[in-house]
Amino acid sequence: MIRRTLRQIAEMSGGRLAEEANADTPVAGVSIDSRTIAPGNLFIPFVGTSHDGHSFVPEAIRKGAAAFCWQTDHGEPPDGAPAVLIDDAQTALMRLAAAYRRELQIRVVGVTGSNGKTTTKDMIAAVLGTTYRVQKTRENQNSHIGLPLSVLALEETTEVAVLEMGMRARGEIAELSKIARPDVAVITCIGEAHLERLGSREAIARAKLEILEGLREDGLFVYPGDEPLIRRLLAEAPRPSGMVSIRFGESADGSCDLFPIALMQETAGTHFVGNWAGSPHFYVPLPGRHHVRNALAALAVGKWLGVSDADAARGLRHAELTGMRTTLVRGASGLTILDDAYNANPTSMHAALDLLAELRGFSRKFVVFGDMLELGPEEERYHREIGRRFSPDVVQGVFTVGELAALAAEEAKRRYPDQLVRAYYDCAKLIDDLLAVVDPGDVVLVKGSRAMRLEQVVEVLRRWPGRD
């Protein structure tokens, strides 16, 4: 984590010391949450819609904060600890992170994309971790607040950092990339997430390509070669001189440099072999072809940074992966839950249904499907398309949650007896009805946008002991 004197913190953040006498105060680490303050931290209070972090400064001081920032529009700072006076908390945090990154002798891998960012970040860190001292973004702290905090959490002894970058609007990825200054930029895919805000997949692709604006000269760009939008827009995107590219995907038509030539699906994971000479047998501890794509992106990064195939295979096999992303959960009753409750959009939903169709060894298959949000004016069409994907030959029961998912249920009912497709507007009744029909030998896919809170369904299914 960042370790600097308070004078250095003030200079790096664009602030000024409230008292010159405190210039040599040592600071170790940064927090924006008074509940998680560790002794020696710098506390940066943010002004939110429902609270003002400045009111928590006394609590942060009591918990051991070495110093705090204070916006000048809030009057005089309180006593109790040294203060750095700033104009705006967000600006100060980003400036501090950018300055710290410039001082670090470290290589950075930046990861963005519509789907698979967090899983790909985890896989890259696992591959590189066999050879280097690696840190990665915790969970999915990938925003204009999360990424600067991730940078400030980096140790100066770290050799490679793997940083996730998310966005909600144009310009945000460019801003984050300029802070992180990646040596490697990765785009996982271009999907439909944020269509409501950006309007088209082309606009989404342009926004993701902003990651190249912070890429260093002679850096590496890893992207899906079978995505026509990236191929077309890359010619006009700002890019550093000497940029090298590695393309990954599933196509053997020349559009991808890395692709699988053999793939075998298991319930708990996926085996594959790459197309290059001497490729070993790789295993990813996640089910689904889409995770092979994520693994290929990780392998591309590993190859460029000199990780051997043998080490990369070992890293992937033992990767520590963030939860609620196509995670296989075994319930107390023996029921299998495919937990993909973190988020959903049409691309990831189709991938999840493809995976469910490939799984073998289960008595029956059920789907709990929640609203896919932020899809813009085409949201009804996307949900109805998902509904038409459901087939009684593959999925024996469909349970939807939310007004939009109900449209999928409406379409599915055309192919199912009424009792096998049910639409709900809250999870409580759904859970009761689902538990009345599932058996220990079944598998249940749970997927929807984060706001639908479908993790509560997963937790009940996990603890369910079965019927007497």
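Residues numbered from 1 in each chain as written. Predicted model: local features only at pLDDT ≥ 70, side-chain atom pairs only at ≥ 80, totals over all residues. Heavy atoms only, no water.

1. Focus: the overall build of the chain
Broken down by element type, the chain carries 16 helices and 22 strands. Compactness check: the chain gives a C-alpha radius of gyration of 24 Å against a globular reference of 23 Å for 468 residues, within 12% of the reference. Structurally, the chain occupies a C-alpha span of about 75 × 55 × 40 Å along its principal axes. Taken across its 468 residues, the chain has 57% of its residues classed as buried. Restricting the contact set of the chain to residue pairs at least 6 apart, pairs at least 24 apart contribute 66%. Accessible surface computed for the chain: about 19,100 Å², of which carbon and sulfur atoms make up 47%. Computed over 54 positive and 62 negative side-chain charges, the inter-centroid distance for the chain is 4 Å. (Helix = DSSP H or I, 4+ residues; strand = E, 2+ residues; numbered from the N terminus. Rg over C-alpha atoms; globule rule 2.2 N^0.38 Å. Buried < 20%, exposed > 50% of the residue type's maximum accessible area, 1.4 Å probe, protein only. Contact = heavy atoms within 4.5 Å. Areas by Shrake-Rupley, 256 points an atom, 1.4 Å probe, with all protein chains shown as cover. Lys, Arg positive; Asp, Glu negative; His and termini not counted. Charge placed at Lys NZ, Arg CZ, Asp CG, Glu CD.)

2. What about the packing of aromatic side chains?
This structure, assessed with the given rule, holds seven aromatic pairs. Seen in terms of ring centroids, Phe68 and Trp70 are 6.1 Å apart; in terms of plane orientation they differ by 80°. Their pairing is edge-to-face. This pair shows no difference in class: Phe68 is buried, exactly as Trp70 is. Judged by centre distance (6.3 Å) and plane angle (10°), the ring pair of Phe399 and Tyr424 falls under stacked. With Phe399 in strand 20 (residues 397–401) and Tyr424 in strand 21 (residues 421–424), this residue pair connects regions lying 25 residues apart in the sequence. Note on accessibility: Phe399 and Tyr424 belong to one class, buried. Among the aromatic side chains, those forming a connected cluster through ring pairs are Phe272, Trp276 and Phe282. The aromatic ring of Tyr382 is capped on one face by Arg381, whose charged end is 4.5 Å from the ring centroid. (Phe/Tyr/Trp six-rings, centres within 6.5 Å; stacked < 30°, edge-to-face > 60°. Lys NZ or Arg CZ within 6 Å of the ring centre and 35° of its normal.)

3. What to know about the packing of helix 4 (residues 117–128) against helix 10 (residues 289–304)
In the contact formed by helix 4 and helix 10, the axes pass within 8 Å of each other and the chain directions differ by 40°. Here helix 10 runs oblique to helix 4, going by the angle between their axes. At the point where helix 4 passes helix 10, the crossing takes the right-handed sense. The segment helix 4 lies against helix 10, with Thr119, Thr120, Met123, Ile124, Val127 and Leu128 engaging His291, Asn294, Ala295, Ala297, Ala298, Val301 and Gly302. Split by residue class, the contact of helix 4 with helix 10 holds eight nonpolar, five polar and no charged. (Axes fitted to C-alpha atoms, helices over the stretch in contact; angles between N-to-C directions. Parallel < 35°, antiparallel > 145°, perpendicular 65-115°, else oblique. Left-handed = near helix turned anticlockwise from the far one by under 90°. Nonpolar A, V, L, I, M, F, W, Y, C, P; charged D, E, K, R; others polar.)

4. Here's the deal with helix 11 (residues 309–317)
For helix 11, every residue scored as buried is listed here: Asp309, Ala312, Ala313, Gly315 and Leu316. Taken end-on, helix 11 shows its buried residues confined to a sector of 165°, consistent with a single buried face. Contacts made by the buried residues of helix 11 are with helix 4, strand 16 (281–284) and helix 10. (Arc of directions from axis to C-beta.)

5. Quick word on the domain arrangement of the chain
By the assigned domains, the chain splits into domain 1 (3–89), domain 2 (104–318) and domain 3 (327–463). For domain 1 and domain 2, the distance between their C-alpha centres works out to 34 Å. Listed by partner, the interface residues are five residues for domain 1 and five residues for domain 2. Counting across the interface, domain 1 meets domain 2 through two salt bridges. A salt bridge links Glu156 to Arg4, with the shortest nitrogen-to-oxygen separation between them at 2.9 Å. (Domains from an automatic or database assignment. Salt bridge = Lys/Arg side-chain N within 4 Å of Asp/Glu carboxyl O.)

6. As for the layout of surface pockets
Within this model, the second largest pocket holds a volume of roughly 630 Å³. Forming the walls of the second largest pocket are 25 residues, and the residues nearest its centre are Val30, Arg138, Gln141, Leu149 and Ala153. With four residues, helix 5 (residues 146–152) is the single largest residue contributor to the lining of the second largest pocket. For the lining of the second largest pocket, the per-class residue count stands at 12 nonpolar, 10 polar and three charged. Counting the residues that make up the lining of the second largest pocket, at least three belong to each of domain 1 (3–89) and domain 2 (104–318). (1 Å grid on protein atoms, 1.4 Å probe; cavity = no way out; pocket = protein on both sides within 12 Å on 5 of 7 lines; lining within 4 Å. Points joined across faces, edges and corners; volume = space filled by probe spheres on them.)

7. Details of the UniProt feature "binding site: ATP" (unreviewed entry) in the chain
When the UniProt feature table is mapped to this numbering, "binding site: ATP" (unreviewed entry) covers Gly113, Ser114, Asn115, Gly116, Lys117, Thr118 and Thr119. Relative to the helices and strands, Gly113 is located in the loop between strand 8 (107–112) and helix 4. Leave out the neighbours within four places in its chain, and Gly113 touches Ile187, Thr188, Cys189 and Lys208. Mapped onto the elements of the fold, Lys117 is located in helix 4. Using a relative accessible area of 15% as the deciding quantity, one classes Lys117 as buried. Look past the residues within four positions of Lys117 in its chain and what remains in contact with it is Val111, Thr112, Asn142, Glu164, Met165, Gly166 and Thr188. (UniProt positions renumbered as here; feature names shortened; annotations may be inferred.)

8. Things to note about the sheet that holds strand 22 (residues 443–447)
Reading across from one edge, 17-18-22-19-20-21 is the order of the six strands in this open sheet, with mixed pairing throughout. Of all the strands in the sheet, the pair left with one neighbour each is strand 17 (327–330) and strand 21. Within this sheet the neighbouring strands show an average axis-to-axis angle of 15°, counted without direction. When strand 20 meets strand 21, the two strands line up parallel, connected through four bridges. (Pairing = 2+ DSSP bridges.)

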